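Close look at the chain arrangement
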Amino acid sequence: MLRYLFRRLVKALMWFVVGSVLLVLLFRFVPPPGTALMVERKIESWVDNDPIDLQRTWKPWDEISDNLKVAVIASEDQKFPEHWGFDLDAIQAALAHNERGGSIRGASTLSQQVSKNLFLWSGRSYLRKGLEAWFTALIEVLWPKQRILEVYLNSAEWDEGVFGAEAAARHHFGVSAADLSRQQASLLAAVLPNPRVWSAARPSTYVMQRAGWVRRQMSLLGEADYLKRLYETRKAPWAE
């Protein structure tokens, strides 16, 4: 019986590995029709008896403002062009901070956020974190950096039921994702840690301060020229 169960487990794992690789490879070329987070939000609204209409319109890379691309990197993951999905320095800093107590600090890269939002459920279980690491590794190996950021910008949550740059730009500012100004982009980036509480259209003093910090970081990174680094060859993960 144990041998039978072991064989079934191995077979299930093999199917999962092959299926996940094929799915990630497919989404390198085909826009994902939705995300696991969108499904989760829809189910939550049904449970709470407060249905929501999900807003999302996929836009390709060239139809999203460079301002937003740089603002999101500046706000969420400034080492994005360099790492292979995991920022070890940020993880160590977050662990040290969390050991001291107080608020919990995360260290998720843009790649980790894509894997979580696209394929997984919310939560902090070891199983979910393990699956997140697996999908992050697949994304980093099978997708170029530009594609990772493109999918992120089309999948991020920017308000209740508002997903992706185009829906966010229309919802908050009445413009297309291609026409977002530097200030508008910085406000959208500033609310990413808590988009269902903070508003880019009606920013609090704290959000305005965060947006100002984002704009300063954008300048330090080099504005749109920074995006050229997405096409540079990265060092292998084991290289010093």
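About the cut-offs
- Residues numbered from 1 in each chain as written.
- Predicted model: local features only at pLDDT ≥ 70, side-chain atom pairs only at ≥ 80, totals over all residues.
- Heavy atoms only, no water.
- Patch = residues over 30% accessible without salt bridge, like charges linked within 9 Å, V, L, I, M, F, W, Y side chains within 5 Å.
- Areas by Shrake-Rupley, 256 points an atom, 1.4 Å probe, with all protein chains shown as cover.
- Salt bridge = Lys/Arg side-chain N within 4 Å of Asp/Glu carboxyl O.
- Helix = DSSP H or I, 4+ residues; strand = E, 2+ residues; numbered from the N terminus.
- Polar contact = N/O pair within 3.5 Å; in protein donor to acceptor, adjacent residues only side chain to side chain.
- Contact = heavy atoms within 4.5 Å.
- Axes fitted to C-alpha atoms, helices over the stretch in contact; angles between N-to-C directions.
- Parallel < 35°, antiparallel > 145°, perpendicular 65-115°, else oblique.
- Left-handed = near helix turned anticlockwise from the far one by under 90°.
- Nonpolar A, V, L, I, M, F, W, Y, C, P; charged D, E, K, R; others polar.
- UniProt positions renumbered as here; feature names shortened; annotations may be inferred.
- Buried < 20%, exposed > 50% of the residue type's maximum accessible area, 1.4 Å probe, protein only.

**Structural notes on a nonpolar patch on the surface**
Residues L23, L25, L26, F29 and V30 make up a contiguous nonpolar surface patch of about 430 Å² in total accessible area. Turning to its location among the elements, F29 is positioned in helix α1 (residues 2-29).

**Considering the side chain of Q217**
Following the sequence through the fold, Q217 ends up in helix α10 (residues 205-221). Within the structure, Q217 has its side chain in polar contact with the side chain of Q78 (distance 3.0 Å). Look past the residues within four positions of Q217 in its chain and what remains in contact with it is A74 and Q78.

**Here we look at the packing of helix α5 (residues 110-119) against helix α6 (residues 126-142)**
At a minimum axis separation of 8 Å, α5 and α6 run at an interaxial angle of 115 degrees. With respect to their mutual orientation, α5 and α6 come out roughly perpendicular. α6 is crossed by α5, and the crossing has right-handed handedness. Along the contact surface, α5 presents S111, Q112, V114, S115, K116 and F119, while α6 presents R128, E132, F135, T136, I139 and E140. Along the lines of polarity and charge, the residues of the contact of α5 with α6 split into four nonpolar, four polar and four charged.

**Regarding the UniProt feature "transmembrane region" (unreviewed entry) in the chain**
UniProt's feature table lists "transmembrane region" (unreviewed entry) at residues 12-30, given in the numbering used throughout. Between the end C-alpha atoms of residues 12-30 there is a gap of 26 Å, over a span that is 95% helix and 0% strand.

**Focus on the pattern of salt bridges**
Across all of its chains, the model carries 16 salt bridges by this definition. Its salt-bridge partner being E44, residue R196 comes within 3.7 Å of it at the nearest N-O pair. One end of the pair, R196, is in the loop between α9 (182-190) and α10; the other, E44, is in helix α2 (residues 36-47), with 152 residues separating them in the sequence. Judged by its relative accessible area of 29%, E44 is partly exposed. Salt bridges sharing common partners tie together R41, E44, E157, E160 and R196.

**A closer look at helix α7 (residues 145-155)**
Among the eleven residues in α7, ten count as buried, and that is most of the element. Three or more residues of α7 are buried, namely K145, R147, I148, L149, E150, V151, Y152, L153, N154 and S155.

**Quick notes on α9**
With respect to burial, α9 is a largely interior element, seven of its nine residues being buried. The complete set of buried residues in α9 reads Q184, A185, S186, L187, L188, A189 and A190. Close packing links the buried residues of α9 with α3 (66-76), β1 (157-159), α8 (165-173) and α10.

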